[in-house]
Amino acid sequence: MPEIDRLVVRFSSLGDVVLAGAVTTAFGDRTGFLTLPRYAELAGRLNGVTRVYTPGEALPPVPVFDLHNSLRSRRLTLGMQVRRVERQDIRRRLHVAFKAGPADRVVDRYARTARVPPAPAPWLLPAERGDVLLLAPGAAHATKRWPYWRALASAWSGPVRALGGPGDEAAVASIGGVCERGFGQTLDAMNGGCVLVAGDTGLLHLGAALGLPVVGIFGPTTSADGFWCHAGQVVEAPLSCRPCSRFGGAVCPVGDHACMRDLSIDHVIAAIHRALA
Ligand code: SF4
């Protein structure tokens, strides 16, 4: 008899793997999770996940919920009983190019695929709450980086801790922090937090998955693009050029990066206080 009752597939990236927690939590125990090796530790901590598989391992003959729907996920689950997520790639592209309506929320598409209602966070063992303001200043794409992290860290009257992963070293060091090595350390570093402030990045979803109040700072992407699903606070500017990208880019297409520059420290501090309340 298989050691799991069902298998969820999502290979990457950090935010998508975390958001799959809305489904694994709803399923409960005896859920397997197929992902890339670098996300195996994290996937194994999601509520409901009792066994993690990586590509190349033999998969048990259980129903599969493919939340990636890629060539690789199709190849690895060939011949199995599978429901695959609707990707809505065209809707997402039209949303950016012509400001058409956004795609459905990611957690809703995942939940439709799995035929369960999406469970609200926390999707991981909740973080211990404290009084430290957690700041995650890094972002893979330059246009997603808010320029005022250092000033925010200086302006906040309470304790502050900077967080980040590989690639975030300079941003984290700029506000006196050191990047964690691995998800275990990142999750530990969120203990003692009161609010997590982050851009539209995987760490934003990770904080929400731990049950922390979050403040999301959105620039070239918007909170309506499908990834935001949290009961936190959003800071974003009402600019007609937004969203200009699905994932962020290297440079602002119109040159002024107003989507981030117009978001003052006061905007963000007000959102932190709303999140604390
Ligand atoms: S200001 Fe507009 S065009 Fe420039 S990065 Fe932001 S959303 Fe994109």
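Just so we're clear, the structure is a prediction, and the values are computed from it rather than from any experiment. (Residues numbered from 1 in each chain as written. Predicted model: local features only at pLDDT ≥ 70, side-chain atom pairs only at ≥ 80, totals over all residues. Heavy atoms only, no water.)

Engineer: Would you mind going over the overall build of the protein with me for this structure?
Structural biologist: Helix and strand counts for the protein stand at twelve helices and ten strands. Over its C-alpha atoms the protein spans a radius of gyration of 19 Å, differing by no more than 12% from the 19 Å that the globule rule assigns to 277 residues. For the protein, the C-alpha atoms occupy an extent of roughly 60 × 45 × 30 Å along the three principal directions. Taking the contacts inside the protein whose residues are at least 6 apart along the sequence as the reference set, 63% of them involve residues at least 24 apart. A total accessible area of about 12,300 Å² is found for the protein, and carbon and sulfur atoms account for 54% of it. (Helix = DSSP H or I, 4+ residues; strand = E, 2+ residues; numbered from the N terminus. Rg over C-alpha atoms; globule rule 2.2 N^0.38 Å. Contact = heavy atoms within 4.5 Å. Areas by Shrake-Rupley, 256 points an atom, 1.4 Å probe, with all protein chains shown as cover.)

Engineer: In this structure, what is going on with the pairing of strand β1 (residues 6-9)? I would like to understand it.
Structural biologist: Side-chain alternation along β1 places Arg 6 and Val 8 on one buried face and Leu 7 and Val 9 on a second face that is also buried. Strand direction decides the pairing type here: β1 and strand β2 (residues 31-34), joined by four bridges, are parallel. In the strand pairing of β2, Val 9 is matched with Leu 34. Here β1 runs beside strand β4 (residues 64-66); their pairing, made up of three bridges, is parallel. Pairing of Val 9 across the sheet is with Asp 66, part of β4. (Buried < 20%, exposed > 50% of the residue type's maximum accessible area, 1.4 Å probe, protein only. Pairing = 2+ DSSP bridges.)

Engineer: Sorry if this is basic, but what is going on with the packing of aromatic side chains here?
Structural biologist: Working definition: an aromatic ring pair is given by the centre-to-centre distance plus the angle between the planes. Inspection of every chain in the model, using the stated rule, returns five aromatic pairs. Seen from their ring centres, Phe 27 and Phe 65 are 5.2 Å apart, and the 40 degrees between their planes marks the pair as tilted. Of this pair, Phe 27 sits in helix α2 (residues 21-27) while Phe 65 sits in strand β4; the two residues are 38 residues apart in sequence, bridging distant segments of the chain. Both rings, one in Trp 146 and one in Trp 149, keep their centres 5.3 Å apart while their planes meet at 90 degrees; by these two values the pair is edge-to-face. When sorted by exposure, Trp 146 lands in the same class as Trp 149, which is buried. Every member of this aromatic cluster is reached through a ring pair, and the members are Trp 146, Tyr 148 and Trp 149. The ring of Tyr 53 has Arg 51 sitting right over it, with the charged end atom 4.1 Å from the ring centre. Taking the ring centre of Phe 11 as reference, the NZ or CZ of Arg 72 above it sits at 4.8 Å. (Phe/Tyr/Trp six-rings, centres within 6.5 Å; stacked < 30°, edge-to-face > 60°. Lys NZ or Arg CZ within 6 Å of the ring centre and 35° of its normal.)

Engineer: I tried to follow the pairing of strand β3 (residues 49-53) on my own but got confused; where do I start?
Structural biologist: Looking down a regular strand, the side chains alternate between one sheet face and the other. Note that β2 and β3 share four bridges and pair parallel. Bridging from a neighbouring strand, Leu 34 pairs with Tyr 53 of β3. You can see the chain leave β2, run along helix α3 (residues 37-45) and come back into β3, and the turn it takes is right-handed. (Right-handed = clockwise from strand over helix to strand, strands pointing away.)

Engineer: Sorry, what's going on with the nonpolar core here?
Structural biologist: Considering soluble globular proteins, one finds that nonpolar side chains tend to be buried as a cluster. Counting residues in hydrophobic clusters, the biggest one holds 58 residues, and the most contacted among them are Trp 123 and Met 190. With five residues, helix α10 (residues 202-209) is the largest single contributor of residues to this core. A domain-level breakdown of this core finds at least three residues from each of domain 1 (6-114) and domain 2 (129-276). Every residue in contact with Trp 123, bar those within four places of it in the chain, is listed here: Val 18, Leu 19, Gly 21, Ala 22, Thr 25, Arg 45, Leu 46, Asn 47, Val 107, Ala 209, Cys 229 and His 230. (Core = buried A, V, L, I, M, F, W, Y, C linked by side-chain atoms within 4.5 Å. Domains from an automatic or database assignment.)

Engineer: Could you clarify how one ought to interpret the site of the ligand in this entry?
Structural biologist: Close to the ligand lie Pro 220, Cys 241, Arg 242, Cys 244, Cys 252, Pro 253, Val 254, Asp 256, His 257, Ala 258 and Cys 259, which account for all nearby residues. For the shell around the ligand, a count of residues per class yields eight nonpolar, one polar and two charged. (Near = heavy atom within 4 Å. Nonpolar A, V, L, I, M, F, W, Y, C, P; charged D, E, K, R; others polar.)

Engineer: Quick question: what am I supposed to make of the sheet that holds β1 here?
Structural biologist: Through backbone hydrogen bonds, the strands of a sheet pair up, either in parallel or in antiparallel fashion. Taken in spatial order, the five strands make up an open sheet running β3-β2-β1-β4-β5, and their pairing is parallel. Each edge of the sheet is formed by a strand with only one pairing partner; in this case those strands are β3 and β5 (82-84). Recorded for the sheet is a direction-independent mean angle of 20 degrees between the axes of neighbouring strands. The strands touched by α3 within the sheet are β2 and β3, with β3 carrying the most contacts at an inclination of about 165 degrees. (Axes fitted to C-alpha atoms, helices over the stretch in contact; angles between N-to-C directions.)

Engineer: So what exactly am I meant to see when it comes to the sheet that holds strand β9 (residues 214-217) here?
Structural biologist: The strand order across the open sheet formed by five strands is β7-β6-β8-β9-β10, and the pairing between neighbours is parallel. Because the sheet does not close on itself, it has two edges, and the strands there are β7 (160-162) and β10 (233-235). Strand-to-strand, the axes of this sheet are offset by a mean angle of 25 degrees, without reference to chain direction. Bridge analysis of strand β8 (residues 193-199) against β9 gives four bridges, and the strand direction is parallel. Across the sheet, residue Gly 199 finds its bridge partner in β9, namely Ile 217. Relative to the sheet, helix α12 (residues 265-276) contacts β6 (129-136), β8, β9 and β10, its axis offset from that of β10 by approximately 175 degrees.

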